[in-house]
Amino acid sequence: MNCFKIYGNEYVKNKLSTMISKGRIIPSILICGEKGLGKSEMAKYIAASLNCEKHSGSPCSQCRSCRMILNDSHPDVTYVLPSSKAGLYRVKEDIRPIVSDAYVTPNESGKKIYIINDAQKLNTECQNALLKVFEEPPGESVFILTADNRQSVLETILSRVFSFEMSRVLPEDAKKAVMQNGFDSEKAQDAQSAFPGNIGKQLEYLRGEDVFDAVKIARSVTDAVCQKNEYEILKAYSQITDRETAYSVIDILLEILSSAVEYASGAEPCLCAYNEGARKISGFAPASRIVSLCEILLDAKEKTQGFANISVLTAVLAAETAKLQ
Ligand SMILES: [Zn+2]
């Protein structure tokens, strides 16, 4: 049976459920967290909790309202989509219409819900337009926003929303979710080591989508670092062809390096995309140098926007990474 499934995140689910069952409805909610943690599923889950005909505070998955939300056909649940060619929201086309619509009574008996995914794609003008409705919320409407990071949301909005972070899930929950998607236990284990606790990224990895290449590149950079071969480091980085992959490779490398620091300090390291590589790095590079490479990579990620040419970025990354030896 098709039903709402949110793995882990029990604390948030219980808190929301208690609030909703007691009728304490918050008119605007912000869900934060890295890509792949299930923010949009959580938005849908909250929409269903608010409108479930059983009023228990969480969705029953069986009533008419829950079934309509599961099929994306509920007349009072609107998914707002960015309409610009660049994939950004536009105030006149995307935001103002829903702000006016929020004051119209719902079609069904429950709440009118507006889900705005990727709030980092809302510019200041869009956010200010939303702020007006957050300041004077219409009684029957609820706005649910999701964002990769809180920094992309204006302080004025943050002060008016109920916000929470999605967390990574336990290995056994991730394994269950991955296996329910048709992968065997061995594949689930491999995905878990590449993206611990992030079900969305694990599935992307196993389906051979973009992150699969990013893991491959990050592992070859790590190997080249262990071989202390500057040319191989550059060769590994030069497999990066676009900015998105560059971001993913940097994120994966940062986790490998964090594990290396933990190995070096004798702590039990968390799983990362390449545990063996992390252990080897900890064998020859002092923790202080690994930490400074992490800072350089974070800085490079920030600056990625400034590099018009990806090969310039990869050359800079290679030069900085080579200093680790
Ligand atoms: Zn229901």
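Basis of the calculations
- Residues numbered from 1 in each chain as written.
- Predicted model: local features only at pLDDT ≥ 70, side-chain atom pairs only at ≥ 80, totals over all residues.
- Domains from an automatic or database assignment.
- Buried ≥ 20, exposed ≤ 12 C-beta atoms within 10 Å, placed from the backbone.
- Helix = DSSP H or I, 4+ residues; strand = E, 2+ residues; numbered from the N terminus.
- Pairing = 2+ DSSP bridges.
- Right-handed = clockwise from strand over helix to strand, strands pointing away.
- Expected span 1.5 Å × (residues − 1).
- Arc of directions from axis to C-beta.
- Contact = placed C-beta atoms within 7 Å.
- Core = buried A, V, L, I, M, F, W, Y, C linked by C-beta atoms within 7 Å.
- Axes fitted to C-alpha atoms, helices over the stretch in contact; angles between N-to-C directions.
- Parallel < 35°, antiparallel > 145°, perpendicular 65-115°, else oblique.
- Nonpolar A, V, L, I, M, F, W, Y, C, P; charged D, E, K, R; others polar.

Here we take up the domain arrangement of the chain. For an interface, size is often stated in terms of accessible area lost upon the parts coming together. Domain boundaries assigned for the chain yield domain 1 (10-165) and domain 2 (209-322). Each of domain 1 and domain 2 has a C-alpha centre, and these two points are 36 Å apart.

A positive phi angle is found at Ser 61, which is not glycine, with a value near 70°. A positive phi is found at Asp 118, a non-glycine position, where the angle reads about 55°. Looking at Asp 118, the number of C-beta atoms within 10 Å reads 19, which means it is partly exposed.

This next bit is on the pairing of strand S4 (residues 141-147). Most of S4 is tucked away, with seven of its seven residues classed as buried. Alternating positions in S4 separate into two faces, Ser 141, Phe 143, Leu 145 and Ala 147 on one and Val 142, Ile 144 and Thr 146 on the other, with burial throughout. Relative to S4, strand S1 (residues 28-32) runs parallel, the two sharing five bridges. What sits directly across from Ile 29, in S4, is Ile 144. Regarding the hand of the β-α-β motif, the stretch spanning strand S3 (residues 112-116), helix H5 (residues 124-135) and S4 is right-handed.

The next subject is helix H15 (residues 310-322). For H15, spanning 13 residues, the distance from its first C-alpha to its last is 18 Å, which sits close to the expected 18 Å at 1.5 Å a residue. Regarding H15, the residues found buried are Leu 313, Thr 314, Leu 317, Ala 318 and Thr 321. Summarising the axial view, the buried residues of H15 lie within an arc of 135°, below the 170-degree limit, and thus occupy one face. Contacts made by the buried residues of H15 are with helix H10 (210-226), helix H11 (230-237), helix H12 (243-264) and helix H14 (287-303).

Right, let's talk about the nonpolar core for a bit. Soluble globular proteins tend to pack their nonpolar side chains together in the buried interior. Counting residues in hydrophobic clusters, the biggest one holds 48 residues, and the most contacted among them are Ala 218, Val 221, Val 249, Ile 256 and Ala 260. It is H12 that provides the largest number of residues to this core, a total of 11 residues. Not counting residues within four places of it along the chain, the set of residues in contact with Ile 256 comprises Ala 218, Thr 222, Cys 272, Ala 273, Tyr 274, Gly 277 and Ala 278. Counting residues in hydrophobic clusters, the runner-up holds 40 residues, among them Ile 31, Ile 115, Val 142 and Ile 157.

Glancing now at the packing of helix H9 (residues 199-206) against H10. Contact geometry for H9 and H10: axes closest at 6 Å, N-to-C directions at 85°. Put simply, H9 runs roughly perpendicular to H10. Contact with H9, carried on its side by Lys 201, Glu 204 and Tyr 205, involves Asp 210, Val 211, Phe 212 and Val 215 of H10 and no other residues of that element.

Looking now at the packing of H14 against H15. For the pair H14 and H15, the least separation of the axes is 10 Å and the interaxial angle reads 170°. Comparing their axes, H15 and H14 come out roughly antiparallel. Listed contacts from H15 to Leu 293, Ile 296 and Ala 300 of H14 are Val 316, Leu 317, Glu 320 and Thr 321. Of the residues in the contact of H14 with H15, the class split is five nonpolar, one polar and one charged.

In this section: H10. Taking 1.5 Å as the rise per residue, H10 with 17 residues should run 24 Å; its terminal C-alpha atoms sit 25 Å apart, in good agreement. Those residues of H10 that fall on the buried side of the exposure criterion are Val 211, Ala 214, Val 215, Ile 217, Ala 218, Arg 219, Val 221, Thr 222, Ala 224, Val 225 and Cys 226. In the stretch just after H10, Lys 228 is the one whose phi turns positive, near 55°.

With that out of the way, let us pick up the environment of Asn 107. Within the fold, Asn 107 resides in the loop between helix H4 (91-101) and S3. Taking the number of C-beta atoms within 10 Å as the measure of exposure, Asn 107 has 10 and is therefore exposed. Taking C-alpha positions, Asn 107 is 9.5 Å from His 74, a pair spaced 33 residues apart along the chain.

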